[in-house]
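What the coordinates show
The primary structure of each chain is shown beneath.
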Amino acid sequence: MKESPSALALTPLLLFVALFFGAGVYYTAQGEAMGFYQLRAPVAILPALALAAWIAHRRGVAAGDTLLQGMGEANIMLMCLIFLLAGAFAAVSKAIGAVDAVVALGLGALPPAMLLPGLFLVAAFVSLAIGSSMGTLAAVVPIAAGVADAASMDVALVVGAVIGGAMFGDNLSIISDTTIAATRTQGARMGDKFRENFRIALPAALASVLLLLVAGGDAVPVQPMEAPPMVLVVPYVLVLVLALAGVDVRIVLAAGIVAAALFGFRFAPEYGLDALAGDIWNGFDSMAEITFLSILIGGLAGLMKASGGLTWLAQAISRLSRGGRGPRSGEFSIAALAAGTDLFTANNTVAILVSGEVARDIATRHAISPRRAASVLDIFACVVQGVIPWGAQILLAASLAMVSPLALAGKVWYCWLLAASALLFMLFWPRRSRAAAMEKGSA
């Protein structure tokens, strides 16, 4: 049957957000440092799936078949495969010492005034390479805290610079789960999305570096760190070059895993096939939660769409924008959708997965290119995630550096500057250029 608009069909999504956000608030109030991660999202979504199936059944939809079709949708399955390959590459690269090489080499002989921007750039490169802001923070924050102490610098400012760099790299990385989710849900190519994001993020990153350079002028010299072999960064460079060249991301990641393994065999002591197999599995395991969630959200989206929920939401957003069908109103709608969803889920990947189908519909209605929609969706989820004190990135960094999450929230200058850059770009990017991008993005 033809789907008709229904606000009721969206209540499963509201239930999921309420359970996930409500549990996070409750556990945080109970003193849990990672309160928003006590109730895992794949579990929190189960009652929402049950409600969505009931609503679909009441509206004459074959709920069971629709659920399975949504879960097994081709884009969802491809996204899950990419998640697993990205996890394997990140795990193998870290195990052979590539992350340590990047961090140590990046901070090797910096003058005191460059320590803050240097930490930002190191975190940005590590995050761009491994595709994980959380993994970057786990690797770099302990070093940054030691640097802050040795250089007599404000720890919150130093850690805020690292968080900003990690969010910059994660937002651009072609193996980041947020990039994968944004491009797959919007039907965009990763290379196109990277270029679209880069010209928005670069001004924010340059402004951050300049501000950090001024703020770090009082630092005192620190001793250089011992670096692993520089050649270990080659797998990261290979992955980035292949991705920007437009090679299929599955081939890119497979090549990255093979390259990391070969460099590990050659340069990492006692690294062999047994260790490689274990690291690949650990990488898969690290992506298990987001893989399960992607499959379940695919089912939820399928049920809500068949029940008319997404049609109703798209119409409501069009009414809120006063019926405007131009790209600008659509971009602001996508930005508000991504930011609002992340505010309540405290997880930028979850926010993108939850709002991706609606964002794609908005993009279609407002003649926004897939790469542009993916870029706006990813950027505004990143912006909110990088500044909310209950987000995983700030909570992890705060626990590692032993500072208050509230103190860190205002020190992640990059995310605030990224929001300003994106808003200006959305307001003033010429319509002729936007139309050309639409034509090229849909080619």
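See above for the structure.
Rules used throughout
- Residues numbered from 1 in each chain as written.
- Predicted model: local features only at pLDDT ≥ 70, side-chain atom pairs only at ≥ 80, totals over all residues.
- Heavy atoms only, no water.
- Helix = DSSP H or I, 4+ residues; strand = E, 2+ residues; numbered from the N terminus.
- Expected span 1.5 Å × (residues − 1).
- Buried < 20%, exposed > 50% of the residue type's maximum accessible area, 1.4 Å probe, protein only.
- Axes fitted to C-alpha atoms, helices over the stretch in contact; angles between N-to-C directions.
- Parallel < 35°, antiparallel > 145°, perpendicular 65-115°, else oblique.
- Contact = heavy atoms within 4.5 Å.
- Nonpolar A, V, L, I, M, F, W, Y, C, P; charged D, E, K, R; others polar.
- Phe/Tyr/Trp six-rings, centres within 6.5 Å; stacked < 30°, edge-to-face > 60°.
- Lys NZ or Arg CZ within 6 Å of the ring centre and 35° of its normal.
- Core = buried A, V, L, I, M, F, W, Y, C linked by side-chain atoms within 4.5 Å.
- Polar contact = N/O pair within 3.5 Å; in protein donor to acceptor, adjacent residues only side chain to side chain.
- Left-handed = near helix turned anticlockwise from the far one by under 90°.

A look at helix α21 (residues 413–428)
The α-helix advances 3.6 residues per turn, and as a result positions three or four apart in sequence lie on the same side. Here α21 is 16 residues long and its end C-alpha atoms lie 23 Å apart, about the 22 Å a rise of 1.5 Å per residue gives. Residues of α21 that are buried include every one of Y414, C415, L418, A419, S421, A422, F425 and M426, and no others.

Re the packing of helix α9 (residues 177–186) against helix α17 (residues 348–365)
Any two packed helices are characterised by how steeply their axes cross, that is the angle between the axes, and by the distance between the axes. At their nearest, the axes of α9 and α17 sit 9 Å apart, and the two run at 10° to each other. When the axis of α9 is compared with that of α17, the two are roughly parallel. Counted together, D177, T178, A181, A182, R184, T185 and Q186 of α9 and N348, T349, I352, L353, G356, A359 and R360 of α17 form the full contact between these two elements. Residues of the contact of α9 with α17, tallied by class, amount to five nonpolar, six polar and three charged.

Quick look at the packing of aromatic side chains
Each aromatic ring pair is summarised here by two numbers: the centre-to-centre distance and the angle between the ring planes. A complete count under the given rule lists eight aromatic pairs for this structure. Here Y26 and Y27 contribute two aromatic rings whose centre-to-centre distance is 5.2 Å and whose plane-to-plane angle is 75°, an arrangement assigned as edge-to-face. The class for Y26 is partly exposed, based on a relative accessible area of 49%. A relative accessible area of 32% means that Y27 is categorised as partly exposed. The interplanar angle of 10° and the centroid separation of 5.8 Å between the aromatic rings of F194 and F198 together place this pair among those described as stacked. Highlighted residues: F194 and F198, both in helix α10 (residues 190–215), separated by four residues, approximately one helical turn. Judged by relative accessible area, F198 falls into the partly exposed class, the value being 33%. Feature note: the residues F120, F168 and Y414 constitute an aromatic cluster, connected by ring pairs. Over the ring of F267 we find R266, and its NZ or CZ is 4.8 Å from the ring centre.

Describing the nonpolar core
Soluble globular proteins tend to bury their nonpolar side chains together. Within the largest apolar cluster, 136 residues are counted, with the highest numbers of intra-cluster contacts made by F16, I45, I163, I334, Y414 and L418. The element best represented in this core is helix α4 (residues 74–95), accounting for twelve residues. Beyond its immediate stretch of four places on either side in the chain, F16 contacts A41, A44, I45, A48, L293, V350 and V354.

Comments concerning the side chain of E331
Position of E331 relative to the elements: it lies in helix α16 (residues 327–345). Residue classification places E331 among the buried residues on the basis of a relative accessible area of 1%. Side-chain polar atoms of E331 contact the side chain of R372, separated by 3.1 Å.

Let's talk about the packing of α4 against α9
The geometry of α4 relative to α9 is characterised by a closest axis approach of 10 Å and an angle of 160° between their N-to-C directions. Between α4 and α9, the interaxial angle falls into the category roughly antiparallel. For α4 against α9, the interelement crossing comes out right-handed. Facing N75, L78, M79, I82, F83 and A86 of α4, the residues of α9 in contact are D177, I180, A181 and R184. Its residues assigned to classes, the contact of α4 with α9 shows seven nonpolar, one polar and two charged.

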